Amino acid sequence: ILPLKLLIGRVFGKPTGVNDLGADTKGGGKSSAAADKVVEEIRAKGGKAVANYDSVEDGEKLIQSALDAFGRIDIVVNNAGILRDRSFVRTSDLDWDLIHRVHLRGSFLVSRAAWNHMKNQNFGRIIMTASAAGIYGNFGQANYSAAKLGMLGLANTLAIEGRKYNIHCNTIAPIAGSRLTETVMPPDLVASLKPEYVAPLVLWLCHEQCQENGGLFEVGAGWIGKLRWERSQGRILRQKSKPMTPEGVRDQWKEICDFTNNPKSQKMFERSGGSLVSLMDLNGLFLLSHVLLSQTMAVGQKLPTSSFSYSHTQCILYALGVGMSTKDPDHLRFLYEGHPDFSCLPTFGVIPSQSSIMDGGLSSVPGLNIDFTRVRQHLCFYELSDTSVKLKCWLYLPVNTYSGKELLCYNQFSVFVVGAGGFGVKRNSDKAKPPLPPPNRAPDAVVIDSTTRDQAALYRLSGDWNPLHIDPSFAAMGGFKKPILHGLCSFGFAGRHVLKQFADNDPSRFKAIKVRFAKPVTPGQSLQTEMWKEGNRIHIQCKVKETGEVVLTGAYVDLHGTSEGSPEKLPQQGGGLQSELVFAEIGRRIKDLGSELVKKVNAVFGWEITKDGKKAAQWTIDLKNGSGSLHKGPYTGKADVTITISDEDFMEVVKGNLMPQKAFFSGKLKMRGNIMLSQKLEVILKDYAKL
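No experiment lies behind these values; they were computed from the predicted model shown. (Residues numbered from 1 in each chain as written. Predicted model: local features only at pLDDT ≥ 70, side-chain atom pairs only at ≥ 80, totals over all residues. Heavy atoms only, no water.)

Visitor: So, the pattern of salt bridges: which residues are in play, and what are the values?
Guide: Here the structure, examined in full by the defined rule, presents 18 salt bridges. Asp 449 is paired through a salt bridge with Arg 496; the nearest N and O atoms lie 2.5 Å apart. Taken together, the residues span a long stretch of sequence, with Asp 449 in strand E12 (residues 445–450) and Arg 496 in helix H16 (residues 487–503) at a distance of 47 residues. Look at Asp 449 and you get buried, because its relative accessible area is 18%. Residues joined by salt bridges that share partners form a network here, namely Glu 57, Arg 101 and Arg 105. (Salt bridge = Lys/Arg side-chain N within 4 Å of Asp/Glu carboxyl O. Helix = DSSP H or I, 4+ residues; strand = E, 2+ residues; numbered from the N terminus. Buried < 20%, exposed > 50% of the residue type's maximum accessible area, 1.4 Å probe, protein only.)

Listed below in structure tokens is the structure:
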């Protein structure tokens, strides 16, 4: 569009490269006349311009000519085009290929040639010239329509990739008199659709003050309108244990295609601005992506009452899902229904409530249709009843669980859906239990527990069937490289760590737990739970051991006090000791490298860790039998050497600040048995216990 080049040269005062192969409307021939004419007009207005006669398929040459003349490239207007109109059945391979080579491939090659230059200078503006034919379709232009809509898709992606480099990309769908449209419009209409009515929009979109990015605009005859997509409310057809069927799609087809309750528009497409009668049948355009939640219908709705039954099987399956194992004798009471103290882990109480939410409960709420690849649980508060033995969208979900008329437990879930919103209400509920930061001191106890690669596959059997945790392709849709662990699985790990460390695995002591989910965990990573005791409240923080990322924050467990006359339960042996972390790490490394360590060491080391002059913990590192093992507490076998050392001095040895031999001769480290084995301590502590 000739005045477009003139205005860019004049208004921005920037030197202008004018490219025109000079071909005819069907792509044949070649001439310098068109480009030369525009260059002359720019220069006549006092601007600087240089002509280029290469095809847009020679994008590198085209951009280089501008760089050679002016030293930089700021703006690219992809405006090259030809027509080869045919009805679909008469469109030849050549008709299809030539259109795509000029419109879509040419835009790609020119933009790519300019991209790194714009990126390096942290500024760039790219305009794609699409067409109403690409947006709505037009008889006889299948090749042209496909190429023009392809340019829109290219522009949308460039807008995303270029955003952080201040490269903006927008698309125009102009109606204007030009060398192309004069072949399909009467002369008087071409005269009334001057290119000057298009150029000002392009100028603004290219200006450094304009922050528009990724927009689509129809423009012509003095009218400008922005277009956006709309999605219907839709329907969720997938149900637990039921396959999706074409009959189910058929039966819900009316609701799937229903736009009447959408908050912004009742049309398939929406166009902003003006009421100018279009030259074609332009029925709206392009509305709001990710409209997932009705702004008015969902707030205040109650989920329907549902029933949930369970037996010892579900309790055991849940315990296995949150990492319990028969390797730990203390876990047997939660894994064996014949154990005299068989119990269900108290955190199992989230399972019935989550079942009521996920198994059709949320989908029954009017206006609430959720993309489960975008769901992230934010907060979970779970309390055993005293009578019992955006842009994000936030969902506050309180759930009561009864046995008959007896309240068993109360749950609060706070969930957000990434990319959704629009309620127009505050983000938090006054009824929600707030998260609390831990005390500003070293934790009183630390437990490190490894998850398995199949942890999520096992936990989901307790009822959370979201494919985000098992299906790699579904996880990728949510932005994850691989399926992630359920947040409530990490929650279960942390809950049982507190139960063991501070309540002697007695479920009746467990009163309430509150956590905030901060980061995802990948199955196979290790969870490190740090705990601080403040009266009957245990503050907790959970990290991924390998990365240090905090995954549970603001968390705490409230315990019931001990009965009168019973002493307050103190942390399990080793709680509050810095050495706890080291031995946990040694144990984890023994699992991975035990056979190699047995060959190097071939000894059993007993450890007595003291605190304030009193024995506080006992450990045995067996690197003599089998593939090695770590034992906490009394050891039934015989140690080759037993070492007594304070928690503080032990840490100095581990850090390399205190040599074991020096600690021995200074009396800080005492040994019984084969003291020559002290020479092998470095293998255990230095190489395999780095913090």
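Visitor: Let's hear about the packing of aromatic side chains: which residues, and what values?
Guide: Counted under the stated rule, the structure contains six aromatic pairs. On the basis of an interplanar angle of 5° and a centroid distance of 4.7 Å, the ring pair of Phe 583 and Trp 619 is categorised as stacked. In this pair, Phe 583 sits in helix H17 (residues 579–601) while Trp 619 sits in strand E18 (residues 614–623), placing the two residues 36 residues apart along the sequence. Among the residues examined, Phe 583 registers a relative accessible area of 0% and is labelled buried. On the accessibility criterion, Trp 619 (6% relative accessible area) is buried. Pairwise contacts between aromatic rings join Phe 583, Trp 607, Trp 619 and Phe 650 into one cluster. Sitting over the ring of Phe 493, Arg 496 keeps its end group 4.8 Å from the ring centre. (Phe/Tyr/Trp six-rings, centres within 6.5 Å; stacked < 30°, edge-to-face > 60°. Lys NZ or Arg CZ within 6 Å of the ring centre and 35° of its normal.)

Visitor: If you had to explain the confidence of the model for the protein chain to someone new, which residues and values would you point to?
Guide: Regions with low pLDDT carry predicted coordinates that are not meant to be interpreted in detail. Residues with a pLDDT of 70 or more make up 72% of the protein chain, whose mean pLDDT is 77. When pLDDT is averaged over each element of the protein chain, strand E4 (residues 124–129) comes out on top at 96 and helix H1 (residues 2–11) at the bottom at 34. Taken together, the stretch residues 1–13 has pLDDT below 50 and engages in 32 contacts with residues farther than four places along the chain or on a different chain. Predicted confidence is poor over residues 367–379, with pLDDT under 50, and the contacts of this stretch with residues over four places away or in other chains come to 68 contacts. (pLDDT = per-residue confidence, 0-100. Contact = heavy atoms within 4.5 Å.)

Visitor: Explain helix H18 (residues 647–654) residue by residue, including any values.
Guide: Taken across its eight residues, H18 has six buried, putting it largely inside the fold. Of the positions making up H18, those classed as buried are Asp 647, Asp 649, Phe 650, Met 651, Val 653 and Val 654. Looking one or two residues beyond H18, the residue adopting positive phi is Gly 656, at roughly 85°.

Visitor: I'd like a rundown of the packing of H17 against H18, residues and numbers included.
Guide: Between H17 and H18, the least distance of the axes is 9 Å, while the angle of their chain directions is 50°. With respect to their mutual orientation, H17 and H18 come out oblique. Residues Ser 579, Val 582 and Phe 583 of H17 touch H18, and the partners they reach there are Asp 647, Phe 650, Met 651 and Val 654. In the contact of H17 with H18, the residues fall into five nonpolar, one polar and one charged. (Axes fitted to C-alpha atoms, helices over the stretch in contact; angles between N-to-C directions. Parallel < 35°, antiparallel > 145°, perpendicular 65-115°, else oblique. Nonpolar A, V, L, I, M, F, W, Y, C, P; charged D, E, K, R; others polar.)

Visitor: Can you explain the side chain of Asp 649? Please cite residues and give values.
Guide: Along the chain, Asp 649 turns up in helix H18. Here Asp 649 occupies a buried position and makes no salt bridge, while the nearest side chain of opposite charge, Lys 668, is found at 4.4 Å. With residues up to four places along the chain from it excluded, the contact list for Asp 649 reads Leu 658 and Lys 668. (Lys, Arg positive; Asp, Glu negative; His and termini not counted.)

Visitor: Can you lay out the pairing of strand E16 (residues 550–559) for me, pointing to particular residues and giving the numbers?
Guide: In terms of burial, E16 is a largely internal element, nine of the 10 residues being buried. Inspection of the sheet shows strand E13 (residues 510–517) paired to E16 by six bridges, in the antiparallel sense. Its bridge partner being in E16, Ala 512 is matched across the sheet by Asp 558. Hairpin connection between strand E15 (residues 537–544) and E16: a loop of five residues separates the two successive antiparallel strands, and Gly 548 in this loop has a positive phi of roughly 80°. (Pairing = 2+ DSSP bridges.)

Visitor: Talk me through the sheet that holds strand E19 (residues 629–632); I want residue IDs and the actual numbers.
Guide: Pairing within the open sheet is mixed, and its five strands lie in the order E19-E18-E17-E20-E21. The sheet terminates laterally at E19 and strand E21 (669–673), the two strands that pair on one side only. Neighbouring strand axes in the sheet, compared pairwise and without regard to direction, differ in orientation by 20° on average. Bridge count for strand E17 (residues 603–611) against E18 is nine bridges, and the pairing is antiparallel. Note on E18: the bridge partner recorded for Ile 609 is Ala 617. Contacts between H18 and the sheet are confined to E17 and strand E20 (641–646), with E20 contributing the most and set at about 105° to the helix.

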